[in-house]
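Summary of the model geometry
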Amino acid sequence: MRPRENATLAGVGVTGGVMGALLGGGTGSVTVPALDRLTSLGRVTIHGTSTIANISVAAVGATVYAARGGAVDLGTGIPLMAGGIAGAVFGAKLVLHIPERALRVLFAAVLLASGGKLLLDALGVGLASGSAVLPDGLRDNPAVVIPFTVALGMLVGAWSSAMGLGGGMLTVPALVLLFGVDLHTAVGTSLVVMLPNSIAGALAHLRQRTASVPVGLRVGGGAAIGAVGGAFLSLALDERVLGLLLGTYLLLMSGRELLRLRRR
């Protein structure tokens, strides 16, 4: 690759790293459409390549969160990780059997749903931020919480591996809506969960040759740098402001992807 191409891919990674650490794993909302536009890689390979960048964001973002005293909910995080590793391997195989148009539609749909949830919570519409769908009795019962979160982790792992998203756009809204976790803790927990999921997903994609190592390393290098700024910014922002920012961003990304789909 020429130096200009390397710089462009690193720049994509920096932007994706900032948003990924802010969102708790939304790197793919930047890297997937950018690689689609800037490279000749097929859509399946683009999703696989994005998982490599997700490793950088998870490792750096989680480290910054820990160093700055950011909270992590390990009670739900550990079962999510356990399920996510198994789900990530399955998702890498699943993506081989999904039509490219369906991948694009699903990608836009998850952006739309997650963005709408975060934005409505920040505006105080519907369920208030911090409330939980699951009653206290169920959330305090390990016999219910552990199987439920393992199953949720498998879903997140499969989805993030197939779509190259990192999982934060499912994990963060799920932690907020289902368990009443505050947004900052949900982001920190998602980054921790994202690390083993991304490693498992990247290895599965590499084994089946649906990821580009040269492109992934260049994007991942930039993503590591961007994740530092994104994690610091996430911790500094008020929870309402963070929710408004993330919800608006995801809705814009969803609209852009749907518009590109229509043009094609």
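Per an unreviewed UniProt entry, the chain is named Probable membrane transporter protein, and its organism is Prauserella marina. Among the UniProt annotations of the chain, the heading Sequence similarities (unreviewed entry) holds the following wording: "Belongs to the 4-toluene sulfonate uptake permease (TSUP) (TC 2.A.102) family."

1. Comments concerning the overall build of the chain
In terms of regular secondary structure, the chain is built from 11 helices and zero strands. Secondary structure elements of the chain, listed N to C terminal, follow the sequence α-α-α-α-α-α-α-α-α-α-α. Taking 18 Å as the expected radius of gyration for a compact globule of 264 residues, we find that the chain reaches 17 Å, a close match to that expectation. Put simply, the chain has 264 residues, and 52% of those count as buried. When contacts within the chain are restricted to residue pairs at least 6 apart in sequence, long-range pairs at least 24 apart make up 86% of them. Total accessible area computed for the chain in this model is approximately 10,800 Å², and 68% of it derives from carbon and sulfur atoms. Charge-centre separation for the chain: the mean point of 19 positive side chains lies 15 Å from the mean point of 11 negative side chains.

2. Things to note about helix H8 (residues 168–179)
Relative to the 16 Å expected for 12 residues at 1.5 Å per residue, H8 spans 15 Å between its end C-alpha atoms, a close match to the ideal helical length. Of all the positions in H8, only Gly 168, Met 169, Thr 171, Val 172, Pro 173, Ala 174, Leu 175, Val 176, Leu 178 and Phe 179 are classed as buried. Of the residues one or two after H8, Gly 180 is the one with positive phi, at around 70 degrees.

3. As for the packing of helix H2 (residues 28–38) against helix H11 (residues 239–263)
With their axes 11 Å apart at the nearest point, H2 and H11 run at an angle of 25 degrees to one another. It follows from the interaxial angle that H2 and H11 lie roughly parallel. Like other packed secondary-structure pairs, H2 and H11 cross with a definite hand, here left-handed. Contacts from Ser 29, Val 30, Pro 33, Asp 36 and Arg 37 in H2 reach Tyr 249, Met 253, Arg 256, Glu 257 and Arg 260 in H11.

4. A short note on the packing of H8 against helix H9 (residues 183–207)
It is at 9 Å that the axes of H8 and H9 come closest, and there the two elements cross at 140 degrees. One element, H8, and the other, H9, form an angle in the oblique class. Handedness of the H8/H9 crossing: right-handed. Residues Gly 168, Thr 171, Val 172, Leu 175 and Val 176 of H8 form the contact with H9, whose participating residues are Leu 183, Ala 186, Val 187, Thr 189 and Ser 190. Residues belonging to the contact of H8 with H9 are distributed by class as follows: six nonpolar, four polar and no charged.

5. Some thoughts on the nonpolar core
Generally speaking, nonpolar side chains in soluble globular proteins are found buried as a group. Ranked by size, the top nonpolar core spans 48 residues in total, and within it Leu 118, Leu 152, Val 172, Phe 179, Leu 191 and Leu 250 carry the most contacts. When residues no more than four places from it in sequence are discounted, the contact partners of Leu 152 are Leu 80, Ala 174, Leu 178 and Phe 179.

6. Considerations on the layout of surface pockets
Regions of empty space are outlined by a rolling probe, equal in size to a water molecule, passed over the atoms. Of the voids in this model, the second largest pocket is the one considered here, and its volume is about 180 Å³. Taken together, 13 residues line the second largest pocket, and the ones lying closest to its centre are Ser 114, Met 169, Leu 170, Pro 173 and Ala 174. Every element with two or more residues in the lining of the second largest pocket is listed here: helix H5 (100–123), helix H7 (142–163) and H8. Of the residues belonging to the lining of the second largest pocket, the class tally is 11 nonpolar, one polar and one charged.

What counts and how
Residues numbered from 1 in each chain as written. Predicted model: local features only at pLDDT ≥ 70, side-chain atom pairs only at ≥ 80, totals over all residues. Heavy atoms only, no water. UniProt positions renumbered as here; feature names shortened; annotations may be inferred. Helix = DSSP H or I, 4+ residues; strand = E, 2+ residues; numbered from the N terminus. Rg over C-alpha atoms; globule rule 2.2 N^0.38 Å. Buried < 20%, exposed > 50% of the residue type's maximum accessible area, 1.4 Å probe, protein only. Contact = heavy atoms within 4.5 Å. Areas by Shrake-Rupley, 256 points an atom, 1.4 Å probe, with all protein chains shown as cover. Lys, Arg positive; Asp, Glu negative; His and termini not counted. Charge placed at Lys NZ, Arg CZ, Asp CG, Glu CD. Expected span 1.5 Å × (residues − 1). Axes fitted to C-alpha atoms, helices over the stretch in contact; angles between N-to-C directions. Parallel < 35°, antiparallel > 145°, perpendicular 65-115°, else oblique. Left-handed = near helix turned anticlockwise from the far one by under 90°. Nonpolar A, V, L, I, M, F, W, Y, C, P; charged D, E, K, R; others polar. Core = buried A, V, L, I, M, F, W, Y, C linked by side-chain atoms within 4.5 Å. 1 Å grid on protein atoms, 1.4 Å probe; cavity = no way out; pocket = protein on both sides within 12 Å on 5 of 7 lines; lining within 4 Å. Points joined across faces, edges and corners; volume = space filled by probe spheres on them.

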